[in-house]
Amino acid sequence: MSRFFATGSDSESEESSSADEITPKAPGTTFKQSLLLSDDEEDTKRVVRSAKDKRFEELTNLIKTIRNAMKIRDMAKCLEEFEQLCRAFLKSKNIVDKEGVPPFYIRLLADLEDYLNQLWDDKEGKKKMNKNNAKALSTLRQKIRKYNKDYEAEIAAYRENPQESADEEEEKEPEDSGSSSESDDDDAGDEGVSASAFLKKKPEGPSEASKFLKSAKGSGDESSSGDDDDDDEDWGSGSVDSSSESSEEGEGKTKSLATVFLKKQDADKSNERRIGKRKKIKKKERLEGEIEGEEGEEGEGWEKVKGGVPLVKEKPKMFAKGTEINTAVVVKKLNEILQARGKKGTDRAAQIELLHALAAIAAENNLGEGILVKIKFNIIASLYDYNPNLAAFMKPDMWKKCLDCIDELLDILFDDNNNIFIGENIAEDSENLAISDQPFRVRGCVLTLVERMDEEFTKIMQNTDPHSQEYVDNLKDEGRVCGIIDRLLSYLENKGSTEEICRIYLRRIMHTYYKFDYKAHRRSLGLQGETKSEQDQEESEGEDSAVIMDRLCKFIYAKDRTDRIRTCAILCHIYHHALHSRWYQARDLMLMSHLQDNIQHADPPVQILYNRTMVQLGICAFRQGMIKDAHNALLDIQSSGRAKELLGQGLLMRNMQERNAEQEKIEKRRQVPFHMHINLELLECVYLVSAMLLEIPYMAAHEFDARRRMISKQFHHQLRVGERQPLLGPPESMREHVVAASKAMKMGDWRTCHSFIINEKMNSKVWDLFPETQRVREMLVRKIQEESLRTYLFTYSSVYDSISMETLSEMFELEIPTVHSIISKMIINEELMASLDQPTQTVVMHRTEPTSLQNMALQLAEKLGSLVENNERVFDLKQGVYGGYFNRDQKGGYQQKQSYQRDQKSSYQQKQSGYQRGGYRNQNQGNY
């Protein structure tokens, strides 16, 4: 039988009999193989490690991979492994919270950041990198800088004494973890970093007891302390297994048991000796490192600490020690600071602090007002640039700083008014900032800064909740803003150009036109302050707002060359007149300006101002009793159904097709601040009441007219809504009050109409908001009485043969001359077919009113005539003559026929003139 088959049969028998029979070999080899077999079984079955050891071993393996990748400059691998390391460290959070951050982890973070900074500074090396590595380098550098912010204290402590932290780690690892994991951690933590790593890896001779035991078993080839530890740890279990396998030989069993105890005692002794040697070596190296550090402290000892410290915390020195501070040096430093303005990564807050510090240095060294003004200009500009987003508004602290800086700048300008020239037309080369006999010349524009400040104030008010206390606090700053504008106005009146004066005048007008001057109103009524202090205050105050507006606007009318400023000034002037009930001045100024002809070509803010002015004009006309003018002024705004949007007081909900997100942002920036809003409910009430006073008499006069037109579509819509309601309860909203009053007026019941229009609820919502509340109420009562009288006469004239004016006077509580005047106007305008009998003071009705049958016949005739016309037009289109309407040569006969029909119709109407009120209709169409 060949050896090949013999070997195969032996292996098969070994597998089936569970390794009971072993081929006879040298006794040393047999014992070693049995030990190796037991080692593998122990690794899979009996080794139990703590959660800490497992987690830390995972971290050390990843750290080892990162360090290997660092050696070959594989940044993509570094990035991938670093992300895994961060995830593994996050999993170990519970252990880290108990034990603290492991030193080897801090060491890697510090080394990796230094390594990346070194690669980043190497420009030539970066150029040679491939695309993936360069991208990974940039990404990893950003991540490590962000990640290390959480461990700044530990990394700083490590960098101060890297050798000591390494010693602590070395001492901690043998105590906390097993010897096998200790060797791995040491290798991973110290790989190629310092001399201690090489000392640690230096092979040590085994102790005498271990030499003796190894030689007895033929295994004396151990080379490193890490392998020695593995053998030490697994000796006992291996010997127990081998003794159980060779249970037939009693001597072998006793020997293996003896070796278990002997080996463990010797291993403990060797561990203690090895730790003691390490401590001695580390202590020696530490002492040597401290001596070297003291020697090299004067040279380059402090440069390593530079990496990883945030730039914000570093406050660079303005000037080197001993530098002579003069204007040129300060200007050079100012330009250095401004060069970083607008660049990515620039800390804007730090830049503002640097400019403040530079201004303080310039003031300390008495470099003159010129350089101080230039620095202040740049501080204010930096404050405006703090928010790069145009839609964002300034934070309260920045806003206060901005106001303070502008006040300081104006103080400087007023102190040395005659020695400083400021203008945008001054070139930077021709600036004179040094103290000399010549006046200071500084490039800049104070007006632009103040205009931007005014815009920022508007943005702050737009973005603040109007129903909060914060809005009230912010609104208090308007007094300060107006004070700054007044100071600049007085400065520019002496030093500025005409164009600049017009611009600052407009800013002052925009802060004045919408405010009601209560003190001037009290003076106009002859009222005085209740207390002596109020009287003194009124006497000490300057001119009224009307005088200020008149002076500023007239200057702009005369001097301004731009249409926009003049247009805005005219609209503000009209608004102010209308607000103070100067109806005729406001109306005349609006008609003379002809703004309504070309306002559609203006920019949206001016159009919003025009809409606000027209609305205020209509409300003013209503207060003065000009109902028709009020209705005409408010018609365009109210009929659109978008009053809120047209007045710049909010946006209506629309779908994204009509307005995208960008357009919505732009429109939000055009909104008027809340304190300038016009009450929309008051506006709608004024419009509906005006429409009621016009529409109800007209409806009564044209009850049977087929061609009756609507004066106000919105009013008719409200009437239809009220009629459709199945259950009519007492009115609650403002609209319901107006609808109920309209129904009462239709019947000629003026008292019920009056009670619906003027009551406690309507007073609190609408009428009490007017300055002269009582006068407006009296005017309304008078108008309701007059229009109710007209409606009564239109509705019930067919019932009466004659009616006494005294009776009408008692019914509507009007004076007899007033009743006489109203009826006379109606007869003159052919609205009422009647005559006045002066001796008896009665109204005699003429029976010329058509009956209902005659009215229906007239309507039928008119409808048939329009039907014939439409039919002939359709017939011409079907014949293919498409130019029949417009070509006089081809269709002259047709047009003559049409004229003939029109003549026939007109003659028909003349024949029927005794039955219809054609004169009233024609006259009324001309009036309304």
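As a starting point, this report considers the structure included with it. Keep in mind the model is a prediction, meaning the values are calculated, not measured. (Residues numbered from 1 in each chain as written. Predicted model: local features only at pLDDT ≥ 70, side-chain atom pairs only at ≥ 80, totals over all residues. Heavy atoms only, no water.)

**Overview of helix α26 (residues 545–559)**
Turning to step 1, where the next piece is worked out: Between the first and last C-alpha of α26 there are 21 Å, a value that for 15 residues agrees with the 21 Å anticipated at 1.5 Å per step.
Turning to step 2, where the next piece is worked out: Those residues of α26 that fall on the buried side of the exposure criterion are S545, I548, M549, L552, C553 and I556. Buried positions in α26, seen along its axis, are confined to an arc of 110 degrees and lie on one side of it.
Turning to step 3, where the next piece is worked out: Considering only its buried residues, α26 is in contact with α23 (498–510) and α27 (563–579). (Helix = DSSP H or I, 4+ residues; strand = E, 2+ residues; numbered from the N terminus. Expected span 1.5 Å × (residues − 1). Buried < 20%, exposed > 50% of the residue type's maximum accessible area, 1.4 Å probe, protein only. Arc of directions from axis to C-beta. Contact = heavy atoms within 4.5 Å.)

**Section: the pairing of strand β4 (residues 834–837)**
Turning to step 1, where the next piece is worked out: Here β4 runs beside strand β5 (residues 842–845); their pairing, made up of four bridges, is antiparallel. Each residue of the ladder has a partner; that of D837, found in β5, is T842.
Turning to step 2, where the next piece is worked out: Where β4 folds back on β5, the antiparallel hairpin that results is connected by four residues, among which Q841 adopts a positive phi of roughly 55 degrees. (Pairing = 2+ DSSP bridges.)

**Points about the sheet that holds β4**
Turning to step 1, where the next piece is worked out: One open sheet holds the three strands; their spatial order is β3-β5-β4, and the pairing between them is antiparallel. Both outer strands of the open sheet, β3 (802–804) and β4, are each paired with one neighbouring strand and no more. For this sheet, the mean inter-axis angle between neighbouring strands, taken without regard to orientation, is 20 degrees.
Turning to step 2, where the next piece is worked out: Sitting on the sheet, helix α40 (residues 805–812) is in contact with β3, β4 and β5, with an inclination near 60 degrees to β3.
Turning to step 3, where the next piece is worked out: Across the sheet, helix α41 (residues 816–828) touches β4 and β5, and the angle it forms with β4 is around 140 degrees. (Axes fitted to C-alpha atoms, helices over the stretch in contact; angles between N-to-C directions.)

**Notes on unusual backbone geometry**
Turning to step 1, where the next piece is worked out: Located in the positive-phi region is H594, a residue other than glycine, with phi close to 55 degrees.
Turning to step 2, where the next piece is worked out: Tracing the chain through its elements places H594 in the loop between α28 (583–593) and α29 (595–598).
Turning to step 3, where the next piece is worked out: Judged by its relative accessible area of 47%, H594 falls in the partly exposed class.
Turning to step 4, where the next piece is worked out: With a phi angle near 55 degrees, E813 is a residue other than glycine that sits in the positive phi range.
Turning to step 5, where the next piece is worked out: Relative to the helices and strands, E813 resides in the loop between α40 and α41.
Turning to step 6, where the next piece is worked out: Judged by relative accessible area, which is 47%, E813 ranks as partly exposed.

**Quick notes on the pattern of salt bridges**
Turning to step 1, where the next piece is worked out: One pass over the structure, following the stated rule, counts 38 salt bridges.
Turning to step 2, where the next piece is worked out: For K476, the salt bridge identified is with D473, shortest N-O distance 3.8 Å.
Turning to step 3, where the next piece is worked out: For K476, a relative accessible area of 59% translates into the label exposed.
Turning to step 4, where the next piece is worked out: Given a relative accessible area of 37%, D473 falls into the partly exposed group.
Turning to step 5, where the next piece is worked out: Residues R523 and D544 are paired through a salt bridge, measuring 2.3 Å at the closest nitrogen-oxygen approach. Of this pair, R523 sits in helix α24 (residues 518–524) while D544 sits in the loop between α25 (532–540) and α26, and the two are 21 residues apart along the sequence.
Turning to step 6, where the next piece is worked out: Residue D544 is classed as partly exposed on the basis of its relative accessible area, which comes to 24%. (Salt bridge = Lys/Arg side-chain N within 4 Å of Asp/Glu carboxyl O.)

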